[in-house]
Amino acid sequence: QPNSFYRPITFISLWFDYTLLKSHLWAYHLQNLFIHFLNSFVVLKLGSELGLGNRVSRWAALIFSVAAINFEAVLWPAARFDLLATLFTLLATFFFLRYQKRHSLSYLLLSLACFVLGVLNKESAYCFPLIAALLASRFVGSRTSHLSRRKQVYAILSVALVGAALVGLRLAMGLG
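Residues numbered from 1 in each chain as written. Predicted model: local features only at pLDDT ≥ 70, side-chain atom pairs only at ≥ 80, totals over all residues. Heavy atoms only, no water.

Student: It is not clear to me how the overall build of the chain should be interpreted in this structure. Could you clarify?
Tutor: Tallying secondary structure elements over the chain gives 8 helices and 0 strands in all. For the chain, the α and β elements follow one another from N to C terminus as α-α-α-α-α-α-α-α. Among the 176 residues that make up the chain, the fraction classed as buried is 41%. Sequence-distant contacts in the chain: of pairs separated by 6 or more residues, those separated by 24 or more amount to 72%. Carbon and sulfur atoms form 72% of the exposed surface of the chain, whose accessible area is close to 10,000 Å². (Helix = DSSP H or I, 4+ residues; strand = E, 2+ residues; numbered from the N terminus. Buried < 20%, exposed > 50% of the residue type's maximum accessible area, 1.4 Å probe, protein only. Contact = heavy atoms within 4.5 Å. Areas by Shrake-Rupley, 256 points an atom, 1.4 Å probe, with all protein chains shown as cover.)

The structure is reproduced here in structure tokens:
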């Protein structure tokens, strides 16, 4: 893209929508509302995974769903970049937490895959390595994590390497 953005997943999503729906804008709006609903649901699950309790998790999801902070992303079909990047970043965080608690390599791989998908939707998903580092530091020496310090470092290095590879890809493509 001429403006140095590399967001292929959202463009594929919008192309697919246009192929099926043509200019029926109501369908684009419904899809954005659905993605926003999914984001709110993941906030609910993330709150539970963080151990915030059902009541706090429900309130967090409700406030996330109705707060008018970034309403453009929900109302404006072309802003699907934000919705999908949020979805995949939330999922990456959720799966990273699952990895911390259950130590299944599949959760770490799901987290990394969601991180990549998030970045391929919008650059704001590059915040995930910082989130992962903060979550890992929360669990170092904790009784709720069965991971050794070495495995914590392995998880953080995996996230950092994937992030570095994504930045390297952008630079190799001349996107800055």
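Let's pick the thread back up.
Student: Would you explain the nonpolar core in this entry?
Tutor: What tends to happen in soluble globular proteins is that the nonpolar side chains get buried as a cluster. Counting 32 residues, the largest nonpolar core has Leu91, Phe96, Phe115 and Phe128 as its most contacted members. Every element with two or more residues in this core is listed here: helix 2 (25-49), helix 5 (80-102), helix 6 (105-119), helix 7 (128-139) and helix 8 (149-172). If we skip the residues at most four places from it in the chain, Phe96 touches Leu108, Ser111, Phe128, Ala132, Leu135, Ala136, Ala155, Ile156 and Val159. (Core = buried A, V, L, I, M, F, W, Y, C linked by side-chain atoms within 4.5 Å.)

Student: Got a minute to help me understand a nonpolar patch on the surface in this structure?
Tutor: Together, Ile12, Trp15, Phe16 and Leu20 line one region of the surface with nonpolar side chains, adding up to about 480 Å² of accessible area. As for its position among the elements, Ile12 is in helix 1 (residues 8-21). (Patch = residues over 30% accessible without salt bridge, like charges linked within 9 Å, V, L, I, M, F, W, Y side chains within 5 Å. Salt bridge = Lys/Arg side-chain N within 4 Å of Asp/Glu carboxyl O.)

Student: Could you clarify how one ought to interpret the environment of Pro129 in this entry?
Tutor: Note on placement: Pro129 falls in helix 7. Residues Pro129 and Val162 lie 33 residues apart in sequence; the distance between their C-alpha atoms is 9.2 Å.

Student: What is the right way to read the packing of aromatic side chains from this model?
Tutor: Note on aromatic pairs: each is described by the distance of the centres and the angle between the planes. Applying the stated criterion to the full structure yields 6 aromatic pairs. Look at Phe96 and Tyr99: their rings are 6.4 Å apart centre to centre, the planes differ by 45°, and that puts the pair in the tilted class. Here Phe96 and its partner Tyr99 are both found in helix 5, 3 residues apart, which amounts to about one turn of the helix. Relative accessible area serves as the criterion here: at 1%, Tyr99 is assigned to the buried category. Residues Phe115 and Phe128 carry aromatic rings whose centres are separated by 5.4 Å and whose planes lie at 45° to one another, so their mutual orientation is tilted. Placement of the pair is Phe115 in helix 6 and Phe128 in helix 7, with a sequence separation of 13 residues. Phe128 matches Phe115 in its accessibility class, with the two residues each being buried. (Phe/Tyr/Trp six-rings, centres within 6.5 Å; stacked < 30°, edge-to-face > 60°.)

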